[in-house]
Amino acid sequence: MALIFGSPKKQGSFREDVKTDHRLTLAKDMYMAGKIKIVTTETIPGREIQSAFGLIVCRSYVFDNAFHGLMAQAVDVNADAIIGYRESVAFHPEGDKYYSCYGTAVRMKKPK
């Protein structure tokens, strides 16, 4: 569908996206405690990857929700790190920003 006169109006306010759920709070707490590692590189120095769960993506109109949502997805698949982390922002004609955070969820081997 071509959008000649702008995008259609959103059904709800983007403020609905601001609501945080229990998963986001738990993921934020785990990240702040250092239980989930996030790096932009393909490896974590001094650690070996045990298994990879694949690409995970989270999008939101609020950056914190996109970032912590990504961590919540990693926790859901039992990952303890995200490698190759990237983020991007899209600007909509109405002025809203739409954040995307993505990376590869992995499980690291225990340090020796």
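Everything that follows concerns the structure shown earlier in this document.
Notes on the structure in this doc start here.

Cut-offs applied
Residues numbered from 1 in each chain as written. Predicted model: local features only at pLDDT ≥ 70, side-chain atom pairs only at ≥ 80, totals over all residues. Heavy atoms only, no water. Helix = DSSP H or I, 4+ residues; strand = E, 2+ residues; numbered from the N terminus. Buried < 20%, exposed > 50% of the residue type's maximum accessible area, 1.4 Å probe, protein only. Contact = heavy atoms within 4.5 Å. Areas by Shrake-Rupley, 256 points an atom, 1.4 Å probe, with all protein chains shown as cover. Core = buried A, V, L, I, M, F, W, Y, C linked by side-chain atoms within 4.5 Å. Salt bridge = Lys/Arg side-chain N within 4 Å of Asp/Glu carboxyl O.

1. A closer look at the overall build of the chain
Scanning the chain for helices and strands turns up two helices and four strands. In the chain, which comprises 112 residues, the share counted as buried stands at 27%. Of the contacts made within the chain by residues no fewer than 6 positions apart, 71% connect residues no fewer than 24 positions apart. Summed over its atoms, the accessible surface of the chain is roughly 7700 Å², and 55% of this surface lies on carbon and sulfur atoms.

2. With respect to the nonpolar core
As a rule of thumb, soluble globular proteins bury nonpolar side chains together. Judged by nonpolar contacts, the single largest core of 17 residues is most densely connected at Ile 56, Leu 70, Met 71, Ile 82 and Cys 101. When residues of this core are traced back to their parent elements, those giving at least two are α1 (22-32), β2 (49-60), α2 (63-76), β3 (81-91) and β4 (97-108). Here this core gets six residues from one element, more than from any other, and that element is α2. Beyond its immediate sequence surroundings of up to four residues, Ile 82 is in contact with Lys 37, Ile 38, Val 39, Ile 56, Leu 70, Met 71, Ala 74, Gly 103 and Thr 104. Grouped together as the second largest cluster of nonpolar side chains are five residues, Ala 81, Ile 83, Val 106 and Met 108 included.

3. Brief notes about the pattern of salt bridges
Taken as a whole and assessed by the stated rule, the structure comprises three salt bridges. Note that Arg 23 is salt-bridged to Asp 76, the shortest N-O span being 2.6 Å. Placement of the pair is Arg 23 in helix α1 and Asp 76 in helix α2, with a sequence separation of 53 residues. Between Glu 48 and Lys 109 there is a salt bridge whose closest N-O contact spans 3.6 Å. Taken together, the residues Glu 48 in the loop between β1 (37-38) and β2 and Lys 109 in the segment after β4 connect sequence positions 61 residues apart.

4. Things to note about the environment of Leu 26
Take Leu 26: it is sitting in helix α1. The class for Leu 26 is partly exposed, based on a relative accessible area of 41%. Taking the C-alpha atoms as reference, Leu 26 lies 9.3 Å from Met 71; in sequence the two are 45 residues apart.

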